[in-house]
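Structural overview for review
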Amino acid sequence: MAIPVFAETPFPPHKVAGNLYYVGSVEYASYLVTTPQGHILINPSFEESVPMIEAAVTKLGFQFTDVRIILTSHAHGDHIAGCALARKKTNAKVMIMSGDEDLVRSGGVGDFQYPDSRFPACAVDRVLKDGEQVKLGTAVLTAVLTPGHTKGCTTWTLRVKEEGRELLAVIIGSPNVNPGYRLVENELYPGIADDYKKTFARLKALKADLFLGAHGAYYGLEEKYPRLGRGPNPFLDPDGYRSYVESKEQEFLGKFAAQRKAK
Ligand SMILES: [Zn+2]
């Protein structure tokens, strides 16, 4: 797999809010949820990203070897290719949403859109169902199935405490209809359009306080980060969340309508 230039370029690791931290690169978002009983890593990204993520965790004052659970936004290489390496380094349990687990186990075999895409296969220790919780110490994450982009695409939600307030963090799995995605008569993913519709309904139903996602670009990381610590938390952005989801839904509906018309 070609490694995009931003895979190893660290973004300054930082606290998002409470016990939720950003440990990803400029382009590919990775998060650390810390607890006294160990940590949860969301998105090991590329294999080449793992040392960078490890360095980010260390820089924040935590130990990478204290990662107990590895999760992902969805089983595309840019979020999961480093999973096997991260699991080996930490002995963490890998937990993947039903629908994406075979892609992770096989290293990308059977992807409905990218049949030739391959990444290092990784064992899956637990297959998650929609709405299931992942608990570690005091941290409780909920796996919200938001399929379409992949069959097991997962939006993670968790409650974090900051300055006496409890905030709902929403890490969007992906609302994107990639170039080449067939929303109509897709034999390898017959329910894709209905899945996207369900995804948008679910994302709209979430009352997000902290707006986050699988890529920093989803939520304007580069623009928001410089404002951190200077006034209100820039990631606290319920309006930005709503308008992002609405604009992505419009994008999906436009592509769906165009593909139906072309049939
Ligand atoms: Zn993707």
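Higher on the page you've got the structure.
These remarks concern the structure in this document. (Residues numbered from 1 in each chain as written. Predicted model: local features only at pLDDT ≥ 70, side-chain atom pairs only at ≥ 80, totals over all residues.)

With that settled, consider the sheet that holds strand β12 (residues 210-213). One open sheet holds the five strands; their spatial order is β8-β9-β10-β11-β12, and the pairing between them is mixed. With one partner strand each, in any of the chains shown, β8 (133-136) and β12 form the two edges of the open sheet. Sheet twist, expressed as the mean angle between neighbouring strand axes with direction ignored, is 25 degrees. Both strand β10 (residues 154-162) and strand β11 (residues 165-172) contribute to a ladder of seven bridges, which runs antiparallel. Within β11, the residue paired with lysine 161 across the bridge is glutamate 166. (Pairing = 2+ DSSP bridges. Helix = DSSP H or I, 4+ residues; strand = E, 2+ residues; numbered from the N terminus. Axes fitted to C-alpha atoms, helices over the stretch in contact; angles between N-to-C directions.)

On the basis of which strands lie adjacent, the open sheet formed by seven strands has the order β1-β2-β3-β4-β5-β6-β7 and mixed pairing. The open sheet terminates on both sides in strands that have one partner only, identified here as β1 (14-17) and β7 (126-128). Strand-to-strand twist in this sheet, taken as the mean axis angle between neighbours without regard to direction, amounts to 25 degrees. Relative to strand β4 (residues 38-42), strand β3 (residues 31-35) is paired through five bridges, and the arrangement is antiparallel. Residue pairing in the sheet places valine 33 in a bridge with isoleucine 40 of β4. Relative to strand β5 (residues 67-71), helix α3 (residues 83-90) is tilted by about 165 degrees, and along the sheet it contacts β4, β5 and β6 (93-97). (Contact = placed C-beta atoms within 7 Å.)

The analysis is restricted to geometry; functional conclusions fall outside its scope.
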